[in-house]
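The lines below spell out each chain.
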Amino acid sequence: MASTSATSQVQDSLALTKLEPELVLLIFIHGFKGTDETFGEFPQRLQHILSETIPHATVEPVVFPAYETKGELDKAVIRFADWLTTLTVEREVASGVGAGKAKIVLCGHSMGGLLAADTLREFVNSRPDKDAPLWPKIVACIAFDTPFYGLHPFVVKNSVTKVAQYANTATTVGSALLGSFAGFTAKKATQTPAQSAPAQQSAWGKWAGPAAYAVGGAILAGAAAGGAYYKKDDLTQGFSWATDHMKYVGNLWDEAALEQRIEALINIERDHGVVFRNLYSRLPPNPPEFLTSRTFIVLPKYGSRSKDHFLPASNGIAADEIHGHTGMFGGSTNDGYYQLGLASAKIIRDAITSSRGIFQEITKANPITDETGSKD
(Lines give C-alpha, C1' and ligand atoms only; values in the text may rest on other atoms or scores of the structure.)
Protein backbone atom coordinates (compact mmCIF):
# COMPACT_ATOMS: atom_id res chain seq x y z
CA MET A 1 0.00 0.00 0.00
CA ALA A 2 2.87 2.37 0.82
CA SER A 3 4.31 1.84 -2.66
CA THR A 4 0.93 2.54 -4.27
CA SER A 5 0.54 5.70 -2.22
CA ALA A 6 4.02 6.92 -3.22
CA THR A 7 3.28 6.25 -6.89
CA SER A 8 0.00 8.15 -6.61
CA GLN A 9 1.77 11.13 -5.04
CA VAL A 10 4.34 11.20 -7.85
CA GLN A 11 1.59 11.03 -10.47
CA ASP A 12 -0.22 13.91 -8.76
CA SER A 13 3.00 15.91 -8.75
CA LEU A 14 3.53 15.22 -12.44
CA ALA A 15 -0.03 16.29 -13.18
CA LEU A 16 0.60 19.64 -11.50
CA THR A 17 4.00 20.16 -13.12
CA LYS A 18 4.39 21.47 -16.66
CA LEU A 19 6.96 19.18 -18.22
CA GLU A 20 9.07 20.02 -21.23
CA PRO A 21 10.04 17.21 -23.63
CA GLU A 22 13.24 15.55 -22.44
CA LEU A 23 15.95 13.46 -24.00
CA VAL A 24 17.38 10.65 -21.86
CA LEU A 25 20.57 9.00 -23.09
CA LEU A 26 21.43 5.59 -21.63
CA ILE A 27 25.17 5.13 -22.13
CA PHE A 28 26.41 1.53 -21.84
CA ILE A 29 30.11 0.81 -21.24
CA HIS A 30 31.53 -2.70 -21.36
CA GLY A 31 34.26 -3.97 -19.07
CA PHE A 32 37.65 -5.60 -19.43
CA LYS A 33 37.89 -7.45 -22.77
CA GLY A 34 34.18 -6.82 -23.36
CA THR A 35 32.61 -6.02 -26.73
CA ASP A 36 29.67 -4.16 -28.22
CA GLU A 37 27.65 -7.34 -27.65
CA THR A 38 28.29 -7.48 -23.89
CA PHE A 39 24.85 -6.14 -22.98
CA GLY A 40 22.87 -8.19 -25.51
CA GLU A 41 19.30 -6.87 -25.76
CA PHE A 42 19.37 -5.34 -22.28
CA PRO A 43 19.68 -1.71 -23.52
CA GLN A 44 16.62 -2.09 -25.76
CA ARG A 45 14.66 -3.75 -22.98
CA LEU A 46 15.49 -0.90 -20.62
CA GLN A 47 14.57 1.64 -23.29
CA HIS A 48 11.14 0.04 -23.71
CA ILE A 49 10.39 0.00 -19.97
CA LEU A 50 11.49 3.60 -19.46
CA SER A 51 9.68 4.89 -22.53
CA GLU A 52 6.47 3.44 -21.11
CA THR A 53 6.98 4.79 -17.58
CA ILE A 54 8.62 8.23 -17.95
CA PRO A 55 6.22 10.81 -19.40
CA HIS A 56 7.40 13.42 -21.89
CA ALA A 57 10.76 11.71 -22.44
CA THR A 58 12.54 10.24 -25.43
CA VAL A 59 14.83 7.45 -24.27
CA GLU A 60 17.77 6.44 -26.42
CA PRO A 61 20.28 3.71 -25.56
CA VAL A 62 23.82 4.11 -26.90
CA VAL A 63 26.58 1.55 -26.47
CA PHE A 64 30.06 3.04 -26.21
CA PRO A 65 32.00 1.45 -29.10
CA ALA A 66 34.37 -1.38 -28.18
CA TYR A 67 37.61 0.05 -26.88
CA GLU A 68 41.04 -1.25 -26.00
CA THR A 69 41.14 -2.16 -22.31
CA LYS A 70 44.82 -1.50 -21.85
CA GLY A 71 47.03 1.33 -20.70
CA GLU A 72 46.25 3.73 -17.90
CA LEU A 73 42.61 4.07 -16.84
CA ASP A 74 42.84 7.87 -16.78
CA LYS A 75 43.64 7.86 -20.49
CA ALA A 76 40.55 5.76 -21.14
CA VAL A 77 38.57 8.30 -19.10
CA ILE A 78 39.77 11.13 -21.34
CA ARG A 79 38.83 9.21 -24.50
CA PHE A 80 35.39 8.35 -23.14
CA ALA A 81 34.74 11.88 -21.86
CA ASP A 82 35.58 13.32 -25.29
CA TRP A 83 33.28 10.83 -26.98
CA LEU A 84 30.43 11.50 -24.52
CA THR A 85 30.78 15.28 -24.87
CA THR A 86 30.58 15.06 -28.66
CA LEU A 87 27.65 12.65 -28.53
CA THR A 88 25.74 14.86 -26.10
CA VAL A 89 26.12 17.96 -28.26
CA GLU A 90 25.06 16.08 -31.39
CA ARG A 91 21.99 14.56 -29.72
CA GLU A 92 20.93 17.83 -28.07
CA VAL A 93 21.09 19.64 -31.41
CA ALA A 94 19.37 16.87 -33.36
CA SER A 95 16.55 16.47 -30.83
CA GLY A 96 15.96 20.18 -30.40
CA VAL A 97 15.80 19.96 -26.60
CA GLY A 98 18.42 22.67 -26.24
CA ALA A 99 21.95 22.87 -24.92
CA GLY A 100 22.49 21.25 -21.55
CA LYS A 101 19.07 19.60 -21.56
CA ALA A 102 19.88 15.97 -22.36
CA LYS A 103 19.97 13.79 -19.26
CA ILE A 104 22.67 11.16 -19.18
CA VAL A 105 22.60 7.80 -17.41
CA LEU A 106 25.95 6.00 -17.30
CA CYS A 107 25.63 2.20 -17.19
CA GLY A 108 28.93 0.36 -16.80
CA HIS A 109 29.51 -3.38 -16.51
CA SER A 110 32.51 -4.62 -14.51
CA MET A 111 35.52 -2.37 -15.22
CA GLY A 112 33.20 -0.24 -17.35
CA GLY A 113 31.67 0.88 -14.07
CA LEU A 114 35.05 2.24 -12.97
CA LEU A 115 35.36 4.09 -16.27
CA ALA A 116 31.89 5.58 -15.79
CA ALA A 117 32.63 6.56 -12.19
CA ASP A 118 35.94 8.24 -12.96
CA THR A 119 34.44 10.09 -15.93
CA LEU A 120 31.68 11.44 -13.69
CA ARG A 121 34.28 12.58 -11.16
CA GLU A 122 36.26 14.26 -13.93
CA PHE A 123 33.24 16.22 -15.15
CA VAL A 124 32.41 17.31 -11.60
CA ASN A 125 35.96 18.38 -10.81
CA SER A 126 36.57 20.18 -14.12
CA ARG A 127 33.69 22.66 -13.78
CA PRO A 128 34.88 26.29 -14.00
CA ASP A 129 33.67 26.93 -10.45
CA LYS A 130 31.86 25.07 -7.69
CA ASP A 131 28.52 26.72 -8.50
CA ALA A 132 28.61 25.85 -12.21
CA PRO A 133 26.07 23.23 -13.33
CA LEU A 134 27.25 19.76 -14.27
CA TRP A 135 27.51 19.19 -18.01
CA PRO A 136 26.97 16.76 -19.61
CA LYS A 137 23.97 16.53 -17.28
CA ILE A 138 24.61 13.12 -15.74
CA VAL A 139 21.72 12.12 -13.48
CA ALA A 140 22.75 8.56 -12.59
CA CYS A 141 25.81 6.32 -12.57
CA ILE A 142 24.72 2.69 -12.45
CA ALA A 143 27.32 -0.03 -12.22
CA PHE A 144 26.70 -3.71 -12.85
CA ASP A 145 28.92 -6.09 -10.87
CA THR A 146 31.73 -3.55 -10.76
CA PRO A 147 34.56 -4.45 -8.36
CA PHE A 148 34.75 -1.09 -6.60
CA TYR A 149 36.44 -2.84 -3.67
CA GLY A 150 38.14 -5.49 -5.79
CA LEU A 151 37.39 -9.05 -6.82
CA HIS A 152 36.23 -11.49 -4.16
CA PRO A 153 39.23 -13.58 -3.04
CA PHE A 154 37.33 -16.86 -3.50
CA VAL A 155 36.90 -16.03 -7.18
CA VAL A 156 40.63 -15.41 -7.53
CA LYS A 157 41.46 -18.65 -5.71
CA ASN A 158 39.04 -20.73 -7.78
CA SER A 159 40.25 -19.13 -11.00
CA VAL A 160 43.87 -19.97 -10.30
CA THR A 161 42.84 -23.55 -9.54
CA LYS A 162 40.98 -23.81 -12.85
CA VAL A 163 43.95 -22.48 -14.82
CA ALA A 164 46.16 -25.08 -13.15
CA GLN A 165 43.65 -27.77 -14.11
CA TYR A 166 43.73 -26.63 -17.73
CA ALA A 167 47.51 -26.78 -17.76
CA ASN A 168 47.43 -30.30 -16.35
CA THR A 169 44.83 -31.32 -18.93
CA ALA A 170 47.07 -30.03 -21.71
CA THR A 171 49.86 -32.27 -20.47
CA THR A 172 47.65 -35.35 -20.17
CA VAL A 173 45.89 -35.05 -23.50
CA GLY A 174 49.11 -34.44 -25.39
CA SER A 175 49.17 -35.13 -29.09
CA ALA A 176 45.79 -36.83 -29.09
CA LEU A 177 43.96 -33.50 -29.00
CA LEU A 178 46.54 -30.77 -29.19
CA GLY A 179 48.47 -31.85 -32.29
CA SER A 180 51.36 -29.44 -32.53
CA PHE A 181 51.02 -28.83 -28.78
CA ALA A 182 52.26 -32.38 -28.05
CA GLY A 183 55.47 -31.20 -26.46
CA PHE A 184 53.74 -28.47 -24.49
CA THR A 185 53.84 -29.24 -20.76
CA ALA A 186 52.40 -27.65 -17.67
CA LYS A 187 55.90 -26.67 -16.64
CA LYS A 188 56.39 -24.76 -19.88
CA ALA A 189 52.98 -23.20 -19.50
CA THR A 190 53.96 -21.58 -16.21
CA GLN A 191 57.43 -20.36 -17.22
CA THR A 192 58.07 -16.65 -17.06
CA PRO A 193 58.67 -14.75 -20.33
CA ALA A 194 62.42 -14.72 -19.67
CA GLN A 195 62.48 -18.53 -19.51
CA SER A 196 60.26 -19.21 -22.51
CA ALA A 197 61.24 -19.31 -26.13
CA PRO A 198 59.22 -17.17 -28.59
CA ALA A 199 57.57 -20.24 -30.11
CA GLN A 200 56.51 -21.46 -26.68
CA GLN A 201 55.07 -18.05 -25.85
CA SER A 202 52.98 -18.19 -28.99
CA ALA A 203 51.69 -21.67 -28.14
CA TRP A 204 50.80 -20.56 -24.64
CA GLY A 205 49.01 -17.52 -26.05
CA LYS A 206 46.82 -19.77 -28.20
CA TRP A 207 46.13 -22.24 -25.41
CA ALA A 208 45.53 -19.52 -22.82
CA GLY A 209 42.68 -18.13 -24.91
CA PRO A 210 40.16 -20.87 -24.07
CA ALA A 211 41.59 -21.13 -20.56
CA ALA A 212 41.01 -17.44 -19.99
CA TYR A 213 37.51 -17.78 -21.41
CA ALA A 214 36.81 -20.58 -18.95
CA VAL A 215 37.65 -18.32 -16.03
CA GLY A 216 35.83 -15.36 -17.55
CA GLY A 217 38.97 -13.25 -17.70
CA ALA A 218 38.58 -12.79 -13.97
CA ILE A 219 42.23 -13.21 -13.03
CA LEU A 220 43.16 -10.20 -15.09
CA ALA A 221 39.90 -8.30 -15.00
CA GLY A 222 39.87 -7.96 -11.29
CA ALA A 223 42.75 -9.83 -9.90
CA ALA A 224 42.22 -8.93 -6.31
CA ALA A 225 40.36 -7.35 -3.50
CA GLY A 226 43.13 -4.82 -3.24
CA GLY A 227 46.63 -6.19 -2.67
CA ALA A 228 45.66 -7.72 0.64
CA TYR A 229 44.58 -11.19 -0.47
CA TYR A 230 46.97 -12.54 -3.08
CA LYS A 231 50.22 -11.47 -4.64
CA LYS A 232 49.91 -9.89 -8.05
CA ASP A 233 52.95 -11.76 -9.39
CA ASP A 234 51.46 -15.11 -8.41
CA LEU A 235 48.21 -14.35 -10.22
CA THR A 236 49.85 -13.19 -13.44
CA GLN A 237 52.40 -16.01 -13.66
CA GLY A 238 52.21 -17.61 -17.09
CA PHE A 239 50.01 -14.86 -18.53
CA SER A 240 52.69 -12.90 -20.36
CA TRP A 241 50.33 -12.57 -23.32
CA ALA A 242 48.25 -10.02 -21.39
CA THR A 243 50.88 -7.75 -19.89
CA ASP A 244 49.73 -4.83 -22.04
CA HIS A 245 46.45 -4.84 -20.13
CA MET A 246 47.81 -4.98 -16.59
CA LYS A 247 48.05 -1.21 -16.26
CA TYR A 248 44.33 -0.93 -16.97
CA VAL A 249 43.24 -3.46 -14.38
CA GLY A 250 46.04 -2.45 -12.02
CA ASN A 251 43.65 0.08 -10.53
CA LEU A 252 42.13 -2.79 -8.56
CA TRP A 253 45.33 -3.06 -6.56
CA ASP A 254 45.26 0.47 -5.22
CA GLU A 255 43.14 0.12 -2.09
CA ALA A 256 43.40 3.80 -1.15
CA ALA A 257 42.20 4.83 -4.61
CA LEU A 258 39.31 2.35 -4.41
CA GLU A 259 38.12 3.92 -1.16
CA GLN A 260 38.55 7.46 -2.50
CA ARG A 261 36.49 6.64 -5.59
CA ILE A 262 33.56 5.31 -3.57
CA GLU A 263 33.64 8.26 -1.16
CA ALA A 264 33.67 10.66 -4.10
CA LEU A 265 30.66 8.97 -5.74
CA ILE A 266 28.65 9.12 -2.52
CA ASN A 267 29.55 12.79 -2.06
CA ILE A 268 28.58 13.56 -5.66
CA GLU A 269 25.17 12.00 -5.08
CA ARG A 270 24.76 14.09 -1.93
CA ASP A 271 25.97 17.36 -3.46
CA HIS A 272 24.84 17.07 -7.09
CA GLY A 273 22.02 14.55 -7.00
CA VAL A 274 23.73 12.06 -9.33
CA VAL A 275 22.39 8.69 -8.22
CA PHE A 276 25.04 6.00 -7.68
CA ARG A 277 24.20 2.30 -7.42
CA ASN A 278 26.09 -0.94 -7.99
CA LEU A 279 23.88 -3.93 -8.88
CA TYR A 280 26.00 -6.97 -8.09
CA SER A 281 25.44 -10.59 -9.06
CA ARG A 282 24.69 -12.87 -6.11
CA LEU A 283 24.55 -16.65 -6.30
CA PRO A 284 22.62 -18.66 -3.71
CA PRO A 285 24.23 -21.17 -1.31
CA ASN A 286 24.97 -24.58 -2.80
CA PRO A 287 25.63 -27.05 0.04
CA PRO A 288 27.78 -28.78 0.93
CA GLU A 289 30.45 -26.93 -1.06
CA PHE A 290 29.03 -23.45 -0.57
CA LEU A 291 27.07 -22.80 2.60
CA THR A 292 26.54 -19.08 2.00
CA SER A 293 25.69 -16.90 -0.97
CA ARG A 294 28.52 -15.99 -3.33
CA THR A 295 29.51 -12.80 -5.12
CA PHE A 296 31.99 -11.87 -7.83
CA ILE A 297 32.95 -8.66 -6.06
CA VAL A 298 34.02 -7.67 -2.57
CA LEU A 299 31.11 -6.02 -0.78
CA PRO A 300 31.25 -2.95 1.47
CA LYS A 301 32.03 -3.53 5.11
CA TYR A 302 29.20 -3.52 7.60
CA GLY A 303 28.35 0.03 8.56
CA SER A 304 30.10 1.52 5.53
CA ARG A 305 28.63 4.63 3.91
CA SER A 306 28.50 2.74 0.63
CA LYS A 307 26.55 -0.27 1.88
CA ASP A 308 23.16 1.10 0.84
CA HIS A 309 24.47 1.85 -2.64
CA PHE A 310 25.20 -1.82 -3.39
CA LEU A 311 22.12 -3.84 -4.41
CA PRO A 312 22.11 -7.64 -4.87
CA ALA A 313 20.84 -9.10 -8.14
CA SER A 314 20.03 -12.81 -7.80
CA ASN A 315 21.20 -15.41 -10.30
CA GLY A 316 20.18 -18.94 -9.38
CA ILE A 317 21.42 -20.76 -12.49
CA ALA A 318 25.00 -19.55 -12.97
CA ALA A 319 27.57 -22.31 -12.46
CA ASP A 320 29.90 -20.04 -10.49
CA GLU A 321 30.61 -16.41 -9.71
CA ILE A 322 32.40 -15.81 -13.01
CA HIS A 323 29.53 -17.14 -15.11
CA GLY A 324 27.20 -15.04 -12.98
CA HIS A 325 29.32 -12.02 -13.81
CA THR A 326 29.73 -12.61 -17.55
CA GLY A 327 26.18 -13.92 -18.03
CA MET A 328 24.43 -11.09 -16.25
CA PHE A 329 22.71 -9.75 -19.37
CA GLY A 330 21.14 -12.88 -20.78
CA GLY A 331 17.87 -14.61 -19.94
CA SER A 332 19.40 -18.02 -20.59
CA THR A 333 22.35 -17.37 -18.26
CA ASN A 334 20.60 -15.37 -15.55
CA ASP A 335 17.18 -16.30 -14.19
CA GLY A 336 17.08 -12.88 -12.55
CA TYR A 337 17.58 -11.09 -15.87
CA TYR A 338 14.08 -9.65 -16.16
CA GLN A 339 14.03 -8.54 -12.54
CA LEU A 340 17.41 -6.89 -13.12
CA GLY A 341 15.83 -4.88 -15.92
CA LEU A 342 12.92 -3.78 -13.75
CA ALA A 343 15.20 -2.81 -10.87
CA SER A 344 17.48 -0.82 -13.18
CA ALA A 345 14.49 0.93 -14.75
CA LYS A 346 13.16 1.95 -11.33
CA ILE A 347 16.49 3.48 -10.31
CA ILE A 348 16.69 5.43 -13.57
CA ARG A 349 13.05 6.51 -13.49
CA ASP A 350 13.38 7.77 -9.92
CA ALA A 351 16.60 9.63 -10.82
CA ILE A 352 14.88 11.35 -13.75
CA THR A 353 11.87 12.20 -11.60
CA SER A 354 14.11 13.69 -8.89
CA SER A 355 16.02 15.72 -11.49
CA ARG A 356 12.69 17.30 -12.41
CA GLY A 357 12.29 18.51 -8.84
CA ILE A 358 9.79 15.79 -7.95
CA PHE A 359 11.39 13.89 -5.13
CA GLN A 360 10.61 10.35 -4.05
CA GLU A 361 12.48 7.52 -2.39
CA ILE A 362 15.04 6.14 -4.80
CA THR A 363 15.73 2.41 -4.52
CA LYS A 364 18.43 1.98 -1.89
CA ALA A 365 19.47 -1.15 -0.02
CA ASN A 366 16.41 -2.91 -1.38
CA PRO A 367 17.37 -6.45 -2.41
CA ILE A 368 16.16 -7.51 -5.84
CA THR A 369 13.77 -10.38 -5.30
CA ASP A 370 13.40 -13.51 -7.37
CA GLU A 371 10.30 -14.40 -9.36
CA THR A 372 8.54 -15.77 -6.29
CA GLY A 373 8.91 -12.41 -4.58
CA SER A 374 11.07 -13.81 -1.78
CA LYS A 375 14.24 -12.00 -0.78
CA ASP A 376 17.66 -13.61 -0.94
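Please read these numbers as outputs of a predicted model, since none were measured by experiment.

Our focus in this paragraph is the packing of helix α4 (residues 111–125) against helix α12 (residues 255–272). Across the interface, α4 lies against α12 with an axial gap of 10 Å and an inter-helix angle of 55°. Between α4 and α12, the interaxial angle falls into the category oblique. The way α4 lies across α12 gives a crossing that is left-handed. Residues Leu114, Ala117, Asp118, Leu120, Arg121 and Val124 of α4 pack against Gln260, Arg261, Ala264, Leu265, Ile268 and His272 of α12. Split by residue class, the contact of α4 with α12 holds 7 nonpolar, 2 polar and 3 charged.

This next bit is on the nonpolar core. Of all hydrophobic cores here, the largest spans 46 residues; its most connected members are Ile27, Leu115, Leu120 and Phe148. Only β1 (22–29), α3 (73–95), β3 (103–109), α4, β4 (137–144), α12 and β5 (275–283) provide two or more residues apiece to this core. In terms of residue count, the dominant contributor to this core is α4 (8 residues). Apart from residues no more than four positions distant in its own chain, Phe148 is found in contact with Gly113, Leu114, Ala117, Ala143, Leu258, Arg261, Ile262, Leu265, Phe276, Asn278 and Phe310. Core analysis: the next-biggest nonpolar cluster, separate from the first, contains 30 residues, Val24, Ile54, Phe329 and Ile352 among them.

Moving on: the packing of aromatic side chains. By the definition in use, this model includes 14 aromatic pairs. Judged by centre distance (5.3 Å) and plane angle (90°), the rings of Phe148 and Phe276 are edge-to-face. One end of the pair, Phe148, is in the loop between β4 and α5 (153–173); the other, Phe276, is in strand β5, with 128 residues separating them in the sequence. As far as burial versus exposure is concerned, Phe148 and Phe276 are alike and both buried. In textbook terms, an aromatic cluster arises when at least three aromatic residues are bridged by ring pairs, as seen for Phe28, Phe39, Phe42, Phe144, Phe329, Tyr337 and Tyr338. Taking NZ or CZ as reference, Arg294 lies 4.3 Å from the ring centre of Phe290, over its face.

Moving on: the confidence of the model for the chain. Residues of the chain with pLDDT of at least 70 account for 63%, and the chain-wide mean is 76. Across residues 169–232, where pLDDT falls below 50, the model places 105 contacts with residues more than four positions away in sequence or in other chains. Segment residues 234–245 is flagged for pLDDT under 50; beyond a separation of four residues in sequence, or across chains, it makes 30 contacts in the model.

What follows covers the environment of Glu263. Summarising the element assignment, Glu263 is placed in helix α12. Considering only alpha carbons, one finds Glu263 and Arg305, 42 residues apart in sequence, at a separation of 8.0 Å.

Moving on: the pattern of salt bridges. Per the stated rule, a full pass over the model turns up 10 salt bridges. Here Lys346 makes a salt bridge to Asp350, at a shortest N to O gap of 2.7 Å. Within this pair, Lys346 and its partner Asp350 are both found in helix α14 (residues 337–355), separated by 4 residues, close to a single helical turn. Residue classification places Asp350 among the buried positions, given a relative accessible area of 0%. One connected set of salt bridges, linked through shared partners, spans Glu22, Lys103 and Arg356.

The terminal C-alpha atoms of α3, which comprises 23 residues, lie 32 Å apart, in line with the 33 Å expected from a rise of 1.5 Å per residue. The set of residues buried in α3 consists of Leu73, Ala76, Val77, Phe80, Ala81, Leu84, Leu87, Thr88 and Glu92. Two residues or fewer past α3, Gly96 is found with a positive phi of approximately 80°.

With that out of the way, let us pick up α12. Between its first and last C-alpha, α12 extends 25 Å over 18 residues, near the 26 Å set by a 1.5 Å rise per residue. Of the positions making up α12, those classed as buried are Leu258, Arg261, Ile262, Ala264, Leu265, Ile266, Ile268 and Glu269. Against α3, α4, β5 and β7 (310–314) lie the buried residues of α12.

This next bit is on the pairing of strand β2 (residues 57–63). Inspection of the sheet shows β1 paired to β2 by 7 bridges, in the parallel sense. Bridged to Leu23 within β2 is Thr58. Between the parallel pair β1 and β2, the chain is carried across by helix α2 (residues 42–53), and the sense of this crossover is right-handed.

Looking now at unusual backbone geometry. Cis peptide bonds are those with omega within 30 degrees of zero, and the linkage from Trp135 to Pro136 qualifies with -5°. Each neighbour pair has its own omega, and for Pro287 with Pro288 the value is 0°, a cis peptide bond. Here Pro288 is to be found in the loop between β5 and β6 (294–295). Positive phi values are uncommon outside glycine, yet Ser110 reaches one of about 55°. One can find Ser110 in the loop between β3 and α4.

Before going further, it helps to spend a moment on the side chain of Ser306. Along the chain, the position of Ser306 falls in the loop between β6 and β7. Residue Ser306 is classed as buried on the basis of its relative accessible area, which comes to 0%. Polar contacts involving the side chain of Ser306 include one to the side chain of Tyr149, which spans 2.7 Å. Look past the residues within four positions of Ser306 in its chain and what remains in contact with it is Tyr149, Ile262, Ile266 and Pro300.

Conventions and cut-offs
- Residues numbered from 1 in each chain as written.
- Predicted model: local features only at pLDDT ≥ 70, side-chain atom pairs only at ≥ 80, totals over all residues.
- Heavy atoms only, no water.
- Axes fitted to C-alpha atoms, helices over the stretch in contact; angles between N-to-C directions.
- Helix = DSSP H or I, 4+ residues; strand = E, 2+ residues; numbered from the N terminus.
- Parallel < 35°, antiparallel > 145°, perpendicular 65-115°, else oblique.
- Left-handed = near helix turned anticlockwise from the far one by under 90°.
- Contact = heavy atoms within 4.5 Å.
- Nonpolar A, V, L, I, M, F, W, Y, C, P; charged D, E, K, R; others polar.
- Core = buried A, V, L, I, M, F, W, Y, C linked by side-chain atoms within 4.5 Å.
- Buried < 20%, exposed > 50% of the residue type's maximum accessible area, 1.4 Å probe, protein only.
- Phe/Tyr/Trp six-rings, centres within 6.5 Å; stacked < 30°, edge-to-face > 60°.
- Lys NZ or Arg CZ within 6 Å of the ring centre and 35° of its normal.
- pLDDT = per-residue confidence, 0-100.
- Salt bridge = Lys/Arg side-chain N within 4 Å of Asp/Glu carboxyl O.
- Expected span 1.5 Å × (residues − 1).
- Pairing = 2+ DSSP bridges.
- Right-handed = clockwise from strand over helix to strand, strands pointing away.
- Polar contact = N/O pair within 3.5 Å; in protein donor to acceptor, adjacent residues only side chain to side chain.

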